[in-house]
Amino acid sequence: MIDLEKAITSLAANNVDYIIVGGVAISLHSSGYITQDLDLCYSRSKENIHRLVTALSPFDPMPRNWPEGLPFIFDESTLRNGTNFTFDTSIGAIDLLGEVKGIGDYTDALTNCVEFTVYGTRIKAFNLEALIDSKTAAGRPKDHLVLPELLALWEALDPNEE
Amino acid sequence: MIAAARDFGIDLTLTASQLRLSPQERIDNLQSGMKFLAELEHARKIGPIKKQKV
């Protein structure tokens with residue numbers, strides 16, 4: 001289970017450029033869906049990777065299902081050498097996505113997000129359309145399960161609807 | 001879409017009540033839900049309590 005307050009507060013304190021893209025974003029849009037992790041689309045600029053490592057290092061990230069006893073170093077080099085990562089941390093599961101299926105990278109995601117205020121800080125999260133597009137593109141059964149509610153929310157909240 | 005969600009089995013009354021909350025309240029509800037699911041998972045791992053023979 002992810003400790004959202006600790007994660008979001010640390011990311012904000014270090015000025016990390018990120019967008020919440022998964023189940024937490026779905027909840028922010030009023031779905032009753034319950035996730036257990038925090039999925040972030042992050043900017044892959046050199047400066048932001050440095051800030052991201054600074055923000056998450058205190059929580060000892062390790063790749064999920066990493067063999068016990070095998071050493072792992074969470075640093076800027078590690079993040080530069082990959083794109084998408086799934087980590088277990090001392091505050092719960094955090095997935096870092098350099099690219100999101102159906103949407104693209106952080107720059108693409110910026111045009112598909114809205115802002116919310118939680119824990120006294122402004123955060124960005126996917127808008128409903130981006131959540132629907134990314135879940136449709138991901139195509140896994142668990143993604144398809146949330147689509148009916150997302151589509152209903154999208155229809156109910158569409159300002160163009162009468 | 002709303003009818004389709006209802007037919008799919010989504011309880012839209014819960015969705016409607018979530019819509020009335022602030023983003024912080026929605027996040028707080030999510031965190032509570034996570035804790036509850038973690039408790040359920042813990043209980044599942046322990047298994048059912050066996051009845052004692054009287």
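Residues numbered from 1 in each chain as written. Chains lettered and ligands numbered in written order. Predicted model: local features only at pLDDT ≥ 70, side-chain atom pairs only at ≥ 80, totals over all residues. Heavy atoms only, no water.

Moving on to the nonpolar core. Residue and element names in this part refer to chain A. Ranked by size, the top nonpolar core spans 54 residues in total, and within it L4, I20, L79, L96 and F126 carry the most contacts. Sort the elements by how many residues they give to this core and helix α3 (residues 46-56) lands first, with five residues. Excluding its chain neighbours within four sequence positions, the residues that come into contact with I20 are I8, A25, L38, D39, L40, I123, K124, A125 and F126. (Core = buried A, V, L, I, M, F, W, Y, C linked by side-chain atoms within 4.5 Å. Buried < 20%, exposed > 50% of the residue type's maximum accessible area, 1.4 Å probe, protein only. Helix = DSSP H or I, 4+ residues; strand = E, 2+ residues; numbered from the N terminus. Contact = heavy atoms within 4.5 Å.)

Right, let's talk about the confidence of the model for chain B for a bit. Residue and element names in this part refer to chain B. For chain B, mean pLDDT is 85; residues scoring 70 or higher make up 98% of the total. Within chain B, helix α1 (residues 2-8) has the poorest average pLDDT of any element, 74, and helix α3 (residues 23-46) the best, 92. Reported for the predicted complex are a pTM of 0.88 and an ipTM of 0.85. (pLDDT = per-residue confidence, 0-100.)

So, on to the interface of chain A and chain B. Each partner contributes residues to the interface: chain A has 28 residues there, and chain B has 20 residues. The junction of chain A with chain B conceals about 2200 Å² of combined surface from both sides, 72% of it contributed by carbon and sulfur atoms. Here chain A is connected to chain B by zero salt bridges. At the junction of chain A with chain B, the criterion picks out six residue pairs in polar contact (both at pLDDT 80 or more). Broken down by element, the side of chain A that touches chain B gets its largest block of residues, nine residues, from helix α7 (residues 141-157) of chain A. Residue composition of the side of chain A that touches chain B, grouped by class: 17 nonpolar, seven polar and four charged. (Buried area = accessible area lost by both parts, 1.4 Å probe. Salt bridge = Lys/Arg side-chain N within 4 Å of Asp/Glu carboxyl O. Polar contact = N/O pair within 3.5 Å; in protein donor to acceptor, adjacent residues only side chain to side chain. Nonpolar A, V, L, I, M, F, W, Y, C, P; charged D, E, K, R; others polar.)

What follows is about the layout of surface pockets. The calculated volume of the largest pocket comes to roughly 430 Å³. Lining the largest pocket are 20 residues, and of these D39, L97, K135, R140 and D143 of chain A sit closest to its centre. In terms of residue class, the lining of the largest pocket is made up of five nonpolar, six polar and nine charged. In this structure, the second largest pocket encloses a volume near 280 Å³. Looking at the second largest pocket, it is lined by 13 residues, and the ones nearest its centre are S31, G32, Y33 and E149 of chain A together with I10 of chain B. Contributing elements (two or more residues each) for the lining of the second largest pocket: α7 of chain A together with α2 (12-19) of chain B. For the lining of the second largest pocket, the class distribution of residues is five nonpolar, five polar and three charged. (1 Å grid on protein atoms, 1.4 Å probe; cavity = no way out; pocket = protein on both sides within 12 Å on 5 of 7 lines; lining within 4 Å. Points joined across faces, edges and corners; volume = space filled by probe spheres on them.)

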